Protein chains: 2
Amino acid sequence: MRQSHFFVQTLREVPAEAEVPSHRLMLRAGMIRQVVSGVYTYLPLGYRVLRKIEAIVREEMDRAGAQELLLPAVQPASLWQESGRWEDYGKELLRFEDRHERLLVLGPTHEEVITDLVRNEVRSYRQLPVTLYQIQTKFRDEVRPRFGVMRAREFIMKDAYSFDVDWEGLDRSYQAMYRAYERVFRRCGLEFRAVQADPGAIGGEGGSHEFMVLSEVGEDSILVCPHCEYAANVERAEARVPAPQAAARVPEKDRFLTPGAKTIEDLRIQYGLEPEMIIKVLIYRADGRPVAAVVRGDHEVNEIKLRRLLGVRQLELADEQAVRALTGTGFGSVGPMDLGIERVVDDAVAAMPEGIAGGNEPDVHYRHVVPGRDFQWEKQGDIRTARAGDLCVRCGTALEEYRGIEVGHVFKLGTKYSEALSASFLDEQGIQRTVIMGCYGIGVSRLVAAAVEQHHDDKGIIWPMAIAPFHVHILPVSVKDSGQRNTAEALYDRLTEAGVEALLDDRDERPGVKFNDADLMGMPIQVIVGKRVADGMVEIKWRRTGDVELLPVEDAIGRVTAAVRNP
Amino acid sequence: MRQSHFFVQTLREVPAEAEVPSHRLMLRAGMIRQVVSGVYTYLPLGYRVLRKIEAIVREEMDRAGAQELLLPAVQPASLWQESGRWEDYGKELLRFEDRHERLLVLGPTHEEVITDLVRNEVRSYRQLPVTLYQIQTKFRDEVRPRFGVMRAREFIMKDAYSFDVDWEGLDRSYQAMYRAYERVFRRCGLEFRAVQADPGAIGGEGGSHEFMVLSEVGEDSILVCPHCEYAANVERAEARVPAPQAAARVPEKDRFLTPGAKTIEDLRIQYGLEPEMIIKVLIYRADGRPVAAVVRGDHEVNEIKLRRLLGVRQLELADEQAVRALTGTGFGSVGPMDLGIERVVDDAVAAMPEGIAGGNEPDVHYRHVVPGRDFQWEKQGDIRTARAGDLCVRCGTALEEYRGIEVGHVFKLGTKYSEALSASFLDEQGIQRTVIMGCYGIGVSRLVAAAVEQHHDDKGIIWPMAIAPFHVHILPVSVKDSGQRNTAEALYDRLTEAGVEALLDDRDERPGVKFNDADLMGMPIQVIVGKRVADGMVEIKWRRTGDVELLPVEDAIGRVTAAVRNP
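A few points on the structure. Computed from a predicted model, the values in this text were never measured in an experiment.

On to the overall build of chain A. Looking only at helices and strands, chain A has 15 helices and 31 strands in total. Going through the 567 residues of chain A one by one, you find that 59% of them count as buried. Looking at chain A alone, contacts between residues at least 24 apart form 69% of all its contacts between residues at least 6 apart. Accessible surface, chain A: about 22900 Å² in total, of which carbon and sulfur atoms supply 46%. Computed over 73 positive and 88 negative side-chain charges, the inter-centroid distance for chain A is 2 Å.

The structure is reproduced here in structure tokens:
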């Protein structure tokens, strides 16, 4: 491609709305442009990267035995009503009416549509297992789209769905996808971790993993054990509960006054109380009913865990007025003792030998409160958010925390959708059974941004060879110099013939402009054709290291071709 | 692909809703399934065809110098308000609000979005010309979707847009796309005609052509001159106006009674009046004001031509009550004389030496009415629908009529969008000028149906090699016979290695079922592995002709490979 004809405009200014490097660089390099909040155009430079990632995804899906199809973007509301997600999915699901006032949605995901297809097509165990996938534009009406294509409303996703006769089959299908995902992200040149995850709005009974590209700007926190294999999204991560200490004799509980203290931090600063010694109570409304979540003062309630433990859909913190009505006191002095509402106690609280707790009257706390002696509870479990320094549930090593960009997510759905939509088959004995499902997503457009986050410097993008829009950027320093121009054109022709994708900067621009643009656009190799062309020499610059080599033209062709074929 | 693992179910029954062969066959062969009215899933068999057509389109676009990008499906209403199509486009444009109550549309076409892009990116004549294209899912809320993917609401389109500095540039860009379209449809194995067309809702000043695949089930009528190159959509087609006859002396106009005649047909049957001698008047409301369209009794008013001649947006026939109020009489006796409303006279009427016309009083007509003598008019032009037998405007030969499926449409837009959205550039003299645009569409998913319409028989589909889902269907007659099974597997491996796409019917089914399915699914070549495999012989069946050849296995591999490489 000759740059003089290529539809690309680099920007010198950093666009104000771009907060993270990938967003800034993708705008500046001329890869994307916003059309409306969270909705982007992929310009030719950006689209080339997208197509390369799509090709890698497609190859690995096909290699794993998945079959490609294309489901519609527009879906009937009736299928979502059937699955129950019409109510559950929230405002991210874009709903509209057609001209005949039929309710439709713009698909944010396709479990319903594919389950409907399979219930109509599959009759017998002989048609299973099967894994189907598609690469498609999806829409989720995010409340706050940001970071460019990283969290867009319209985005491209590869979604796959597996259908098996039993859970063992699902395990195999899941493993095949899991391994395919590892290959995809590795081939894209990304450093990533597969972590245990919460299934969220997709649901399912069998667990799930997220594939996280490690990056400071990632919106997810993940906890990783440096010793064993354990890794999990912080939403999901467990931590080892400290062993209950030997029950030394604890004195009777002891009332004391704490005027002015509304928070754990107030108790620490004003009264010198250590947060890990405090028993903290938060009042929630869980599907309408009041619930008291009891955690250690230095811990945070993990609402995802709490919701799952309670088996409720809606969970929200009660406001102070409601707390006062329920407990007789306001924020700061609510405690677990003599509390007339359901208590859910975190395992770490249950393991405390004693603690300090609110007295359920204003400005009153108690010392020497012993869980189990001074108060009981209705439910117990892991309801707190794990954090760096907590001990790995598997091996006890201190966990480390990273930020990650979620680029893939695999789910063992089980029968969540196949049961709701009655997708069944006849087994070998002629008995009707429910199909066991898995589902598997890759954020194809998000991968572009994730790759830029991991591969850039202060000058611009540094593409991994496999997903670079072009392999090589040929830069004649002055196109007015016929020797340089001719050599650059010859290089372009020779490399193109050899199957190398070359971008030739044939613009009549100052060398500084060309070099800056080349660094910004980030092709892995630059071939600089300057004055030394008089001696038959050109420079190869490796974008990642900045290393420059002066070589005869012929050798340069060989070096570039070899680097493209064996990156 | 082994058929036992392939996600495809053929249907024996002809689905009731399918009216045309392509719809029936695509359902029966397991290529598509409807999800909701006009919205389809492409199953793996159908998606393979779609991908092949996409690849051909992409190759020819790239070869023509167009650059691929991806515009969003979701667009802001503001751009449509800016272009004026927010009001003009009608109910096919799906409009909705997002969670923040911003008005959005689901793109039925992308002139606005691309013009917005270009006005932001292009500053100088040096950046032009450029042609940009995308392959994308679009949505048009058709009032009556039908014929499967032929007239669907959600469909896949290739849309391209050219941007030039002047009209000569547009001519070149248009020609490049026109030729690329010819190559695309030829490569897809289609018999088609490029015809002059009406620009419809896309608009534009510079003319347009439709690419029509000839087919009995086509929804468009086209008129083609068998002598010269002239071909046009009936909406647009002109016909030569008969030369005015030598003005023989015509008697004074003569009143006569025609009780009971409400239509041209009544006048013919009850009074023996020849339709081509009658002067017919239809009353319209054109943007609200009344207009009388005057055509010959055997001609039909072409409302597209009438609307263009009048330069109005809305045109609708007045009902009988309104006609009575305007003319003093009802349907059947309205005439052009002493009519107090604007008259638009068709050229063929103006050329009549005399005619019979309504008298604007009930049950009254006049003979010997001479246009120009007995009545005048405010506007004259070609406002009738041409038809088979009319004379070619270019060479005078009688036109022939065909049915066509519109698979492509190219438009010289000129400045319709670039002016409305102020897309301009600085020319060599530094003067600001408006970009000259063209736009170019291919109905990618409709092409699949059009190909099936042209290539099928009563047994099923007969794929052209270039877009066949698989090149060859290998059919072991009995998979229980180890000789047949092993030979079929060996053929499958050898052909796959040679780059031939093979579908191996390894199902344990009766031979009749396999043969019927193979004919229905329509791969161009079948290799039947039956009893003669004992002698090392297999049969090749050519799906199109039904010819069968018995060949040694080795020769069969050679024949198939050669046929795939040079179809």
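With that settled, consider the interface of chain B and chain A. The partner chain A presents 55 residues to the 54 residues of chain B that form the contact. Surface buried jointly by chain B and chain A totals about 4800 Å² across both partners, of which 61% is contributed by carbon and sulfur atoms. If you sort the residues of chain B by the area they bury against chain A, B:F7, B:L70 and B:R99 come out on top, with a joint share of 16%. Joining chain B to chain A, the criterion identifies four salt bridges. For the salt bridge of B:R33 with A:E121, the shortest nitrogen-to-oxygen distance reads 2.6 Å. For the interface between chain B and chain A, the tally reads 20 residue pairs in polar contact (both at pLDDT 80 or more). Classifying every residue of the side of chain B that touches chain A by side-chain character gives 31 nonpolar, eight polar and 15 charged.

A few words on the sheet that holds strand β4 (residues 74–76) of chain A. Residues and elements named next belong to chain A. Spatially, three strands are ordered β4-β6-β5 in an open sheet, and the strand pairing comes out antiparallel. Of all strands in the sheet, those bounded by a partner on one side alone are β4 and β5 (94–97). Shown here is a sheet whose adjacent strand axes are inclined to one another by a mean of 35°, direction ignored. Taken together, the three bridges between β4 and strand β6 (residues 103–106) define a ladder with antiparallel strand orientation.

Turning our eyes to something else, we now look at the sheet that holds strand β31 (residues 548–552) of chain A. Pairing between the strands of a sheet comes from backbone hydrogen bonds, and it takes one of two forms, parallel or antiparallel. Residues and elements named next belong to chain A. The strand order β28-β27-β29-β30-β31 describes an open sheet built from five strands, whose pairing is mixed. In the strand order of this sheet, the two ends are held by β28 (502–504) and β31, each with one partner. Looking at each pair of strands side by side, their axes are set apart by 25° on average, direction ignored. Sheet topology note: the strand β27 (residues 472–476)/strand β29 (residues 525–529) ladder contains five bridges and is parallel. Along β29, the bridge assignment pairs L475 with I528. Against the sheet, helix α13 (residues 482–497) touches β27, β28, β29 and β30 (537–542), its axis set at about 165° to β27. Along the sheet face, helix α14 (residues 511–521) touches β27, β28, β29 and β30 and points at about 175° away from the line of β27.

Residue and element names in this part refer to chain A. Cis geometry is found at the peptide bond from L128 to P129, where omega equals -5°. Structurally, P129 is set in the loop between α5 (111–121) and β7 (130–139). One non-glycine residue, N360, lies in the positive phi region at around 60°. Relative to the assigned elements, N360 resides in the loop between β18 (355–358) and β19 (364–369).

This next bit is on the side chain of B:T329. Residues and elements named next belong to chain B. With respect to the element layout, T329 can be found in the loop between α9 (320–327) and β17 (342–346). A polar atom in the side chain of T329 sits 2.6 Å from the side chain of S333. Not counting residues within four places of it along the chain, the set of residues in contact with T329 comprises V323, R324, V334, N360, E361 and P362.

Looking now at helix α15 (residues 553–565) of chain A. All names here are of chain A. The first and last C-alpha atoms of α15 sit 19 Å apart over 13 residues, in line with the 18 Å expected at 1.5 Å per residue. Within α15, burial applies to V553, A556, I557, V560, T561, A563 and V564. Here the buried residues of α15 occupy an arc of 165° about the axis, which is enough to place them on one side. Considering only its buried residues, α15 is in contact with β27, α13, β29, β30 and β31.

The subject of this paragraph is the pairing of β7(A). Both faces of the sheet carry side chains from a regular strand, because those side chains alternate between them. Residues and elements named next belong to chain A. β7 sits mainly inside the fold: nine of its 10 residues count as buried. Direction of pairing for strand β3 (residues 67–68) relative to β7: parallel, over a ladder of two bridges. In the sheet register, E68 faces β7, and the bridge partner there is Y133. In this sheet, strand β8 (residues 154–164) lies alongside β7 in antiparallel orientation, the contact comprising 10 bridges. In the sheet register, F139 faces β8, and the bridge partner there is E154.

It is worth spelling out the side chain of B:S173 at this point. All names here are of chain B. Tracing the chain through its elements places S173 in helix α6 (residues 167–187). Taking the relative accessible area as the measure of exposure, S173 reaches 10% and is therefore buried. In contact with S173, not counting residues within four places along its chain, are T131, S162, D164 and Y440.

Right, let's get into the environment of B:C395. Residues and elements named next belong to chain B. Position of C395 relative to the elements: it lies in the loop between β20 (379–381) and β21 (400–414). The sequence separation of C395 and V538 amounts to 143 residues, and the corresponding C-alpha distance is 56 Å. Beyond its immediate stretch of four places on either side in the chain, C395 contacts C225, H227, C228 and R240.

Moving on: the packing of aromatic side chains. Aromatic ring pairs are defined here through the distance separating the ring centres and the angle between the ring planes. Residue and element names in this part refer to chain A. This model, assessed by the stated rule, comprises 21 aromatic pairs over all chains. Look at F6 and F470: their rings are 5.6 Å apart centre to centre, the planes differ by 80°, and that puts the pair in the edge-to-face class. With F6 in the segment before α1 (21–28) and F470 in the loop between β26 (460–461) and β27, this pair connects stretches of sequence that are 464 residues apart. We note that F6, like F470, is buried. Stacked on the ring of F256, the Lys or Arg R367 has its end atom at 4.0 Å from the ring centre.

On to the relation of the copies chain B and chain A. For the match of chain B to chain A, the screw axis carries a shift of 0.0 Å, the RMSD comes to 0.1 Å, and the turn is 180°. The transformation just described matches what one would write down for a two-fold rotation axis. Using C-alpha coordinates, one finds that chain B approaches the rotation axis most closely at B:F96, a distance of 3.2 Å. Mapped onto chain A, 100% of the interface residues of chain B are again interface residues, and the two copies thus contact each other with one and the same surface.

The next thing to look at is the environment of B:A451. Residue and element names in this part refer to chain B. Along the chain, A451 falls in helix α12 (residues 444–454). Given a relative accessible area of 0%, A451 falls into the buried group. Residues A451 and L79 lie 372 residues apart in sequence; the distance between their C-alpha atoms is 36 Å. Excluding residues within four positions of it along the chain, A451 makes contact with L190, W463 and I467.

Most of α5(A) is tucked away, with 10 of its 11 residues classed as buried. Buried within α5(A) are the following residues: A:E111, A:E112, A:V113, A:I114, A:T115, A:D116, A:L117, A:V118, A:R119 and A:E121.

Residues and elements named next belong to chain A. The geometry of α1 relative to helix α12 (residues 444–454) is characterised by a closest axis approach of 8 Å and an angle of 105° between their N-to-C directions. On the basis of their axis angle, the class for α1 and α12 is roughly perpendicular. Together, P21, S22, L25 and M26 of α1 and V448, A449, V452 and E453 of α12 make up the contact between the two elements. In the contact of α1 with α12, the residues fall into six nonpolar, one polar and one charged.

Another point: the pattern of salt bridges. Evaluated as defined, the whole model comprises 92 salt bridges over all chains. A salt bridge links A:D98 to B:R153; the shortest N-O distance between them is 2.8 Å. Placement of A:D98 in the loop between β5 and β6 and of B:R153 in the loop between β7 (130–139) and β8 (154–164) is noted, with the two residues assigned to different chains. Accessibility classification places A:D98 together with B:R153 in one group, the buried group. When the shortest N-O distance is used, the salt bridge between B:K541 and B:D519 registers 3.0 Å. Note that B:K541 is positioned in strand β30 (residues 537–542) and B:D519 in helix α14 (residues 511–521), a separation of 22 residues in sequence. Grouping residues by exposure puts B:K541 and B:D519 together as buried. One salt-bridge network, in which partners are shared between bridges, spans A:E59, A:E60, A:R63, A:R183 and A:R187.

Here is what the cut-offs are and how they apply
- Residues numbered from 1 in each chain as written.
- Chains lettered and ligands numbered in written order.
- Predicted model: local features only at pLDDT ≥ 70, side-chain atom pairs only at ≥ 80, totals over all residues.
- Heavy atoms only, no water.
- Helix = DSSP H or I, 4+ residues; strand = E, 2+ residues; numbered from the N terminus.
- Buried < 20%, exposed > 50% of the residue type's maximum accessible area, 1.4 Å probe, protein only.
- Contact = heavy atoms within 4.5 Å.
- Areas by Shrake-Rupley, 256 points an atom, 1.4 Å probe, with all protein chains shown as cover.
- Lys, Arg positive; Asp, Glu negative; His and termini not counted.
- Charge placed at Lys NZ, Arg CZ, Asp CG, Glu CD.
- Buried area = accessible area lost by both parts, 1.4 Å probe.
- Salt bridge = Lys/Arg side-chain N within 4 Å of Asp/Glu carboxyl O.
- Polar contact = N/O pair within 3.5 Å; in protein donor to acceptor, adjacent residues only side chain to side chain.
- Nonpolar A, V, L, I, M, F, W, Y, C, P; charged D, E, K, R; others polar.
- Pairing = 2+ DSSP bridges.
- Axes fitted to C-alpha atoms, helices over the stretch in contact; angles between N-to-C directions.
- Expected span 1.5 Å × (residues − 1).
- Arc of directions from axis to C-beta.
- Phe/Tyr/Trp six-rings, centres within 6.5 Å; stacked < 30°, edge-to-face > 60°.
- Lys NZ or Arg CZ within 6 Å of the ring centre and 35° of its normal.
- Least-squares fit on C-alpha atoms with pLDDT ≥ 70 in both.
- Parallel < 35°, antiparallel > 145°, perpendicular 65-115°, else oblique.

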